[in-house]
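# A look at the structure
Residues per chain, in single letters:
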Amino acid sequence: MKTFLRMEKIIILDFGSQTTQLIGRRLRELNEYCEILPFNKFPDQTDDIKGVILSGSPYSVYDPVAFKIDLNSILRRFPVLGICYGAQLMVHESGGKVESAGSREYGRANLSFIKNDDALLNDIPSGSQIWMSHGDSITLLPDNFQKIASTDNVELAAFKIDDELTWGVQFHPEVFHTLDGIQILDNFLNICGCSRNWSPASFIETTVANLKEQLKNDKVVLGLSGGVDSSVAAVLLHRAIGKNLTCIFVDHGLLRKNEFENVMRDYEHLGLNVKGVNVKERFYKALAGVSDPEKKRKIIGSGFIDVFDEEAHKIKNVKWLAQGTIYPDIIESLSITGTTIKSHHNVGGLPEKMNLKLCEPLRLLFKDEVRKVGTELGMMHHLIKRQPFPGPGLAVRILGDITPEKVRILQDADDIFINGLREWNLYDKVWQAGVILLPVQSVGVMGDERTYENAVALRAVTSTDAMTADWAQLPYDFLAKMSNEIINKVKGVNRVVYDISSKPPATIEWE
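Residues numbered from 1 in each chain as written. Predicted model: local features only at pLDDT ≥ 70, side-chain atom pairs only at ≥ 80, totals over all residues. Heavy atoms only, no water.

## Description of unusual backbone geometry
Residue Pro 504 is reached from Lys 503 by a cis peptide bond, and omega for that bond is -15°. By secondary structure assignment, the location of Pro 504 is in the segment after strand S18 (493–498). Cis geometry is found at the peptide bond from Pro 504 to Pro 505, where omega equals 10°. Structurally, Pro 505 can be placed in the segment after S18. Within the chain, Asn 258 stands out as a residue other than glycine whose phi angle is a positive 65°. In this fold, Asn 258 is placed in the loop between strand S11 (245–251) and helix H6 (259–269). Of note in the backbone geometry, Asn 317 takes a positive phi value of approximately 65° without being a glycine. (Helix = DSSP H or I, 4+ residues; strand = E, 2+ residues; numbered from the N terminus.)

## Remarks on the packing of aromatic side chains
Evaluation of the coordinates by the stated rule reveals 14 aromatic pairs. Ring geometry for Trp 424 versus Phe 478: centroids 5.3 Å apart, planes at 65°, classification edge-to-face. Note that Trp 424 is positioned in the loop between helix H13 (404–423) and strand S15 (432–446) and Phe 478 in helix H14 (residues 476–489), a separation of 54 residues in sequence. Following the ring pairs from residue to residue traces out a cluster consisting of Phe 15, Phe 39, Tyr 59, Phe 67 and Tyr 85. For the cation-ring pair, Arg 25 lies above Phe 366, with the distance from its terminal atom to the ring centre recorded as 5.6 Å. (Phe/Tyr/Trp six-rings, centres within 6.5 Å; stacked < 30°, edge-to-face > 60°. Lys NZ or Arg CZ within 6 Å of the ring centre and 35° of its normal.)

## Some points on H13
For H13, with 20 residues, the first-to-last C-alpha span of 28 Å sits near the 28 Å given by 1.5 Å per residue. What H13 keeps buried is the set Val 407, Ile 409, Leu 410, Gln 411, Asp 412, Ala 413, Asp 414, Ile 416, Phe 417, Ile 418, Gly 420 and Leu 421. Just downstream of H13 lies Asn 425, where phi reads positive at about 55°. (Expected span 1.5 Å × (residues − 1). Buried < 20%, exposed > 50% of the residue type's maximum accessible area, 1.4 Å probe, protein only.)

## Re the sheet that holds S11
Within a sheet, adjacent strands bond to each other through the backbone by hydrogen bonds, running parallel or antiparallel. Spatially, five strands are ordered S12-S11-S10-S13-S14 in an open sheet, and the strand pairing comes out parallel. Where the open sheet ends on each side, the last strands, each with one partner, are strand S12 (274–278) and strand S14 (357–359). For this sheet the average axis-to-axis angle between neighbouring strands, irrespective of direction, equals 30°. In terms of strand pairing, S11 meets S12 through five bridges, oriented parallel. Looking across to S12, one finds that Ile 248 is bridged to Lys 275. Most of the contacts of helix H5 (residues 228–241) go to strand S10 (residues 219–224), to which it runs at about 160°, and overall it touches S10, S11, strand S13 (318–322) and S14. Across the sheet, helix H8 (residues 293–312) is in contact with S10, S11, S12 and S13; its angle to S11 comes to roughly 140°. (Pairing = 2+ DSSP bridges. Axes fitted to C-alpha atoms, helices over the stretch in contact; angles between N-to-C directions. Contact = heavy atoms within 4.5 Å.)

## Comments concerning the pattern of salt bridges
Evaluated as defined, the whole model comprises 29 salt bridges. In this structure, Asp 218 engages Lys 319 in a salt bridge whose closest nitrogen and oxygen atoms are separated by 3.8 Å. Placement of Asp 218 in the loop between helix H4 (200–215) and S10 and of Lys 319 in strand S13 is noted, with a sequence separation of 101 residues between them. Its salt-bridge partner being Arg 397, residue Glu 509 comes within 2.7 Å of it at the nearest N-O pair. (Salt bridge = Lys/Arg side-chain N within 4 Å of Asp/Glu carboxyl O.)

## Examining the pairing of S11
Note on strand geometry: in a regular strand, side chains alternate between the two faces of the sheet. Of all the seven residues making up S11, seven are buried; the element is thus mostly covered by neighbouring parts of the structure. Of the two faces of S11, the one lined by Leu 245, Cys 247, Phe 249 and Asp 251 and the one lined by Thr 246, Ile 248 and Val 250 are each fully buried. Two strands pair when backbone bridges link them, and S10 and S11 are joined in this way by five bridges, in the parallel orientation. What sits directly across from Val 221, in S11, is Thr 246. Following the backbone out of S10, through H5 and into the adjacent parallel S11, one traces a crossover that is right-handed. (Right-handed = clockwise from strand over helix to strand, strands pointing away.)

## Digging into the packing of H4 against H5
Contact geometry for H4 and H5: axes closest at 9 Å, N-to-C directions at 60°. Looking at the two axes, H4 sits oblique to H5. Our pair here, H4 against H5, has a crossing hand that is right-handed. Note on element contacts: H5 touches H4 through Leu 236, Leu 237, Arg 239, Ala 240 and Ile 241, opposite Phe 203, Ile 204, Thr 207, Val 208, Leu 211, Lys 212 and Leu 215. (Parallel < 35°, antiparallel > 145°, perpendicular 65-115°, else oblique. Left-handed = near helix turned anticlockwise from the far one by under 90°.)

Following this line, the structure appears as structure tokens:
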């Protein structure tokens, strides 16, 4: 989305570090707006840039394929903080030495020397714990570089360039294990003269104004999923353009029990113009006999595009397609060379097929920020805190082929489990939960009769970003109650198991 109202920002140049997004999250926590860009995509418009951070990288600075930039285009123009590779790159390009450390320096360390009057290290105590993660080390600083911090094993843990607002650190202030890392980043923002005006309220004000300018009187369609991202995007757009927004909510028959009706009621409460489309039988027919999970996903994705296209064309003069794409999607969809490596469009292919322009009002927000914006917008708690749910819905939680009867069994079991989590005040403590219908039948006994019915697996995980996840250690008495209720109330189930696999090596979803 083009920015019409500009705000001050920190630019983070990404050289491929696994923690680059974390740098951005930390700055946002400090109420400063920032943008993460590929290392070779520094913006031409620089009036609103307050400072620059150079990230880490998997490469060595002396590697022939290492990512490099002309530092003269940045240094002395802006305050600069180089982190790990970013620090080593400045040393290497200025005539200093960066050499292999012999063995990888990884893990906790403590600052044994700190130049107390240095602005970057203001209020950082001697002995402060930091986190190292590098295979190379700076062994010689250029003449105009000054050491400002050391550890027992790394003499040149941090430096400043004389007569410049330029610093480098060989540790990672953005990670949790650097205990005073947030203070270091806070100090850097002070050095940059940042006003710290980034907040959910300021985002809403700026975004609504930008949407009004961008969309004017044009009509917009948005595909609602019932999830957090699309719901917040819809409310923002509604605030900006009102009745010119039409939301389309497709029921493909693979939603949770009563979810279509519940979500439609929630959206009515929000005052949104929502068109619900029930196409269950169409999807069941297309999925009949299909067991391969990737084929199921493609059938559902293609079917959704067709239905959405049909419904959108019933609305006259639509010019825009809105989506709930968020910032991690944008970052992950580009390699650091700018090449698209993964498509994250919620309705991939639709903009081209329908000849529509794309509007993504949340494209600069992290997931936790989307929830904060939703709260600021006055949205209901259960909408904002809704757990992630797979795009193909229950199709990827039914292992094997899909039938209406299997959907009914899974919906009933899942409804008991999710409502149980809420009743026991466990729902908000779990990142994601659901039930999986297994392609397994087992022997059981109910009353005096022998049964041969389905087994289901309960799945609940804790996580912060879904990149890694651990199985949720739910109370035994809760699990016992869930098992008992599902077996007693869901016709067709006589066995319940609990998945205690973590990611990795397992994944959150089974398909």
